[in-house]
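Structural features, examined
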Amino acid sequence: MTEATSPSLLRSALFCRCPRCGKGRLFAGFLTPAPRCEACDLDYRFVDSGDGPAVFVILVVGFVVVAAALIVEVKYAPPYWVHAVLWVPMILILSPGLLRPLKTAMIGLQYRHKAREGRLAERETRR
């Protein structure tokens, strides 16, 4: 597929699909990438999102939960147990819920920009 016909990054990330065709499943397990795309046969050995998705999940979920907790505290001043009942489930639902799509987005960006391990070192040795 060319750049013009490749699927949108947002659509691929939301449905956890192949970054090249947008049809095949990207994951074999919860966060374990499949060996290759079942639709276009793209080899997923290049996949290495590292800790990037986890960092973004921490930042996004942390911002949402802290902002919501501050608003609830200022407006209603509930007891501490109410905060625990509200925010612990929210954290436990949002964190895994965002992890797969963000990992898919990072993998999609890695594919689109042809990012590979050690590319900067290869460029510097050629000079």
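Details of the structure are given in the entry above.
Bear in mind that the values here come from a model prediction, so they are computed numbers and not experimental data. (Residues numbered from 1 in each chain as written. Predicted model: local features only at pLDDT ≥ 70, side-chain atom pairs only at ≥ 80, totals over all residues. Heavy atoms only, no water.)

Remarks on a nonpolar patch on the surface
- Together, Leu-10, Leu-14 and Phe-15 give the surface a local cluster of nonpolar side chains, amounting to about 350 Å² of exposed area.
- Note on placement: Phe-15 falls in helix H1 (residues 9-15).
- With a relative accessible area of 51%, Phe-15 lands in the exposed category. (Patch = residues over 30% accessible without salt bridge, like charges linked within 9 Å, V, L, I, M, F, W, Y side chains within 5 Å. Areas by Shrake-Rupley, 256 points an atom, 1.4 Å probe, with all protein chains shown as cover. Salt bridge = Lys/Arg side-chain N within 4 Å of Asp/Glu carboxyl O. Helix = DSSP H or I, 4+ residues; strand = E, 2+ residues; numbered from the N terminus. Buried < 20%, exposed > 50% of the residue type's maximum accessible area, 1.4 Å probe, protein only.)

Focus: helix H3 (residues 80-112)
- Given a rise of 1.5 Å per residue, 33 residues ought to cover 48 Å, and the 46 Å separating the end C-alpha atoms of H3 matches this to within 8%.
- Of all bends in H3, the biggest is about 30 degrees, found at Leu-99, and the proline Pro-101 comes one to four residues later.
- The complete set of buried residues in H3 reads His-83, Trp-87, Leu-99, Pro-101, Lys-103, Thr-104, Ala-105, Ile-107, Gly-108 and Gln-110.
- Positive phi appears at Lys-114, one or two residues downstream of H3, with a value of about 50 degrees. (Expected span 1.5 Å × (residues − 1). Bend = angle between axes of the 7 residues up to and from the residue.)

What about the side chain of His-83?
- Within the fold, His-83 resides in helix H3.
- The class for His-83 is buried, based on a relative accessible area of 12%.
- A polar contact of 2.6 Å, which involves the side chain of His-83, links it to the side chain of Glu-73.
- Excluding residues that lie within four positions of it along the chain, His-83 makes contacts with Ala-69, Val-72, Glu-73, Pro-78 and Val-88. (Polar contact = N/O pair within 3.5 Å; in protein donor to acceptor, adjacent residues only side chain to side chain. Contact = heavy atoms within 4.5 Å.)

Re the packing of helix H2 (residues 52-76) against H3
- Their axes nearest at 8 Å, the elements H2 and H3 cross at an angle of 150 degrees. The orientation of H2 relative to H3 falls into the category roughly antiparallel. When the axes of H2 and H3 are compared, the crossing they make is right-handed.
- Of the residues in the contact of H2 with H3, the class split is 20 nonpolar, three polar and two charged. (Axes fitted to C-alpha atoms, helices over the stretch in contact; angles between N-to-C directions. Parallel < 35°, antiparallel > 145°, perpendicular 65-115°, else oblique. Left-handed = near helix turned anticlockwise from the far one by under 90°. Nonpolar A, V, L, I, M, F, W, Y, C, P; charged D, E, K, R; others polar.)

Describing the side chain of Gln-110
- Relative to the assigned elements, Gln-110 resides in helix H3.
- At a separation of 3.2 Å, a polar atom in the side chain of Gln-110 contacts the main-chain carbonyl oxygen of Phe-46.
- Contact partners of Gln-110, with chain neighbours within four places excluded, come to Phe-46, Val-47, Asp-48, Ser-49, Ala-115 and Arg-116.

This is a description of form; function is not addressed.
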